[in-house]
Amino acid sequence: MRKMSDMRKGGSKDEVIPIVDRNIISERNTDDAAGDTDICNSAAAVFLTIISVLLLVCTFPISMFFCIKVIQEYERAVIFRLGRVKKGGAVGPGLFFIIPCIDQCSIIDLRTVSFDVPPQEILTKDSVTVSVDAVVYYNIRAPMAAVCNVADYSKSTRLLSATTLRNILGTKTLSELLADRENIATDLKSMIDTATDPWGIDIERVEVKDVRLPQNLQRAMAAEAEATREARAKVIGAEGEQKASRALKEASDIISSSPAALQLRYLQTLATISSEKNSTIVFPIPIDLLSSFCKKKEE
């Protein structure tokens, strides 16, 4: 508008008014403030470091007991200097030097740790209430992530394991829970490992320890199992009797074809009885002999 008004007045020069973006100005102000803050922090860090070193020098050699740290082969140390992680990441194993006034040291154990998941009351897919507990094995893969990404990695892993156990077993039936423990353990390990990966934790193994059923359900299952066993025993006994009857029928057909075979069977029975040293011997009389006597009396 100003340019058009000047042209109307007869001026020969063109004036260009620059347009300034407010976002660019705000970003520049933010960068300037951040730069000033970094400069102040750097100056304060240098000042506090100098004072801490002077205190160490003044209290030497007593201060050496607080400055020298030793960690084991299975441990790592994460050092924070004035609230920031020291360059180089986790240190160890062995001996290292810290400044007590400005350094804070967190020691992480890299060995495998195991813990018991408390018994969880779970409602299965087929509406059965069971109590299930498990055991979890894990280790620390990244000490920096375990310290910086979660407040208490041990407590968080325990709570996550209990919650995951309830979620997984709530989608299973009672028969699957009792018979398919290996696949359930694999699913638990996969879900817990995925959730704890940003914390630098590796889940090595998850096992379902025990499944506790209510007393009335245990009695009902025992009665069902007993009834199943009795039915199976009756079926097996009936099959045995059927096979025995077939064998007896075949034996009777063979014996009936030869009269002398029946007499031999009588003698074999007497020999078996006499071998047992019995005082009483029952001698079977052939029916044919009795029938011949009956015919003589009738005549």
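Residues numbered from 1 in each chain as written. Predicted model: local features only at pLDDT ≥ 70, side-chain atom pairs only at ≥ 80, totals over all residues. Heavy atoms only, no water.

## What to know about the packing of helix α5 (residues 153–169) against helix α7 (residues 181–196)
How two helices pack is summed up by the angle between their axes together with the distance between the axes. One way to put it is that α5 packs onto α7 with a least axis distance of 10 Å and a crossing angle of 135 degrees. When the axes of α5 and α7 are compared, the pair comes out oblique. Note on packing geometry: the crossing formed by α5 with α7 is right-handed. Contacts between α5 and α7 pair Thr157, Leu160, Ser161, Thr164, Leu165, Ile168 and Leu169 from the former with Ile184, Asp187, Leu188, Met191, Ile192, Ala195 and Thr196 from the latter. (Axes fitted to C-alpha atoms, helices over the stretch in contact; angles between N-to-C directions. Helix = DSSP H or I, 4+ residues; strand = E, 2+ residues; numbered from the N terminus. Parallel < 35°, antiparallel > 145°, perpendicular 65-115°, else oblique. Left-handed = near helix turned anticlockwise from the far one by under 90°. Contact = heavy atoms within 4.5 Å.)

## Some points on the side chain of glutamate 75
Among the structural elements, glutamate 75 can be located in strand β2 (residues 75–81). In this structure, glutamate 75 is buried with no salt-bridge partner, the nearest side chain bearing the opposite charge being arginine 111 at 5.7 Å. The contact partners of glutamate 75, leaving out residues within four places of it in the chain, are Pro93, Ile107, Ile108 and Asp109. (Buried < 20%, exposed > 50% of the residue type's maximum accessible area, 1.4 Å probe, protein only. Lys, Arg positive; Asp, Glu negative; His and termini not counted. Salt bridge = Lys/Arg side-chain N within 4 Å of Asp/Glu carboxyl O.)

## A word on α5
The periodicity of an α-helix, 3.6 residues per turn, causes residues three or four positions apart to be oriented the same way. Relative to the 24 Å expected for 17 residues at 1.5 Å per residue, α5 spans 24 Å between its end C-alpha atoms, a close match to the ideal helical length. Regarding α5, the residues found buried are Tyr153, Thr157, Ser161, Ala162, Thr164, Leu165, Ile168 and Leu169. The arc enclosing the buried residues of α5, seen along the axis, measures out at 165 degrees, which places them on a common side. For α5, the exposed residues set more than 90 degrees away from the buried face come down to Lys155 and Leu159. (Expected span 1.5 Å × (residues − 1). Arc of directions from axis to C-beta.)

## A closer look at the pattern of salt bridges
Overall, the coordinates contain seven salt bridges when judged by the stated rule. Connected through shared salt-bridge partners, Asp133, Asp210 and Arg212 make up one network.

## As for unusual backbone geometry
Even without a glycine there, the phi angle at serine 127 is positive, about 65 degrees. Looking at the element boundaries, serine 127 is found in the loop between β6 (113–123) and β7 (129–140).

## Some remarks on the side chain of aspartate 133
Turning to its location among the elements, aspartate 133 is positioned in strand β7. Relative accessible area serves as the criterion here: at 7%, aspartate 133 is assigned to the buried category. One polar contact links the side chain of aspartate 133 to the main-chain amide nitrogen of aspartate 210, over a distance of 3.1 Å. Beyond its immediate chain neighbours, meaning those up to four positions away, aspartate 133 contacts Val117, Pro118, Pro119, Val208, Lys209, Asp210 and Arg212. (Polar contact = N/O pair within 3.5 Å; in protein donor to acceptor, adjacent residues only side chain to side chain.)

## A few points about a nonpolar patch on the surface
A cluster of nonpolar residues, Phe47, Leu48, Ile51, Leu55 and Leu82, forms a patch on the protein surface that exposes about 430 Å² of accessible area. The residue phenylalanine 47 is located in helix α2 (residues 22–58) in this model. (Patch = residues over 30% accessible without salt bridge, like charges linked within 9 Å, V, L, I, M, F, W, Y side chains within 5 Å. Areas by Shrake-Rupley, 256 points an atom, 1.4 Å probe, with all protein chains shown as cover.)

## Quick look at the sheet that holds β7
Overall, antiparallel pairing links the three strands, which are arranged β6-β7-β8 in an open sheet. The open sheet has two free edges, formed respectively by β6 and β8 (201–212), since each of these has just one partner strand. The average angle at which neighbouring strand axes cross in this sheet is 25 degrees, direction not considered. Here 10 bridges tie β7 to β8, and the two strands are oriented antiparallel to one another. Counted as the bridge partner of asparagine 139 is aspartate 202 from β8. α5 contacts β6, β7 and β8 of the sheet and is inclined by roughly 35 degrees relative to β6. (Pairing = 2+ DSSP bridges.)

## Here we look at the packing of aromatic side chains
A full pass over the atoms with the stated rule returns one aromatic pair. A ring pair is formed by phenylalanine 115 and tyrosine 138, whose centres lie 5.8 Å apart and whose planes are at 65 degrees; its orientation type is edge-to-face. One end of the pair, phenylalanine 115, is in strand β6; the other, tyrosine 138, is in strand β7, and 23 residues separate them in sequence. Accessibility assignment for this pair places phenylalanine 115 and tyrosine 138 in one class, buried. Here the basic side chain of arginine 111 rests over the ring of tyrosine 74, its NZ or CZ set 3.9 Å away from the ring centre. (Phe/Tyr/Trp six-rings, centres within 6.5 Å; stacked < 30°, edge-to-face > 60°. Lys NZ or Arg CZ within 6 Å of the ring centre and 35° of its normal.)

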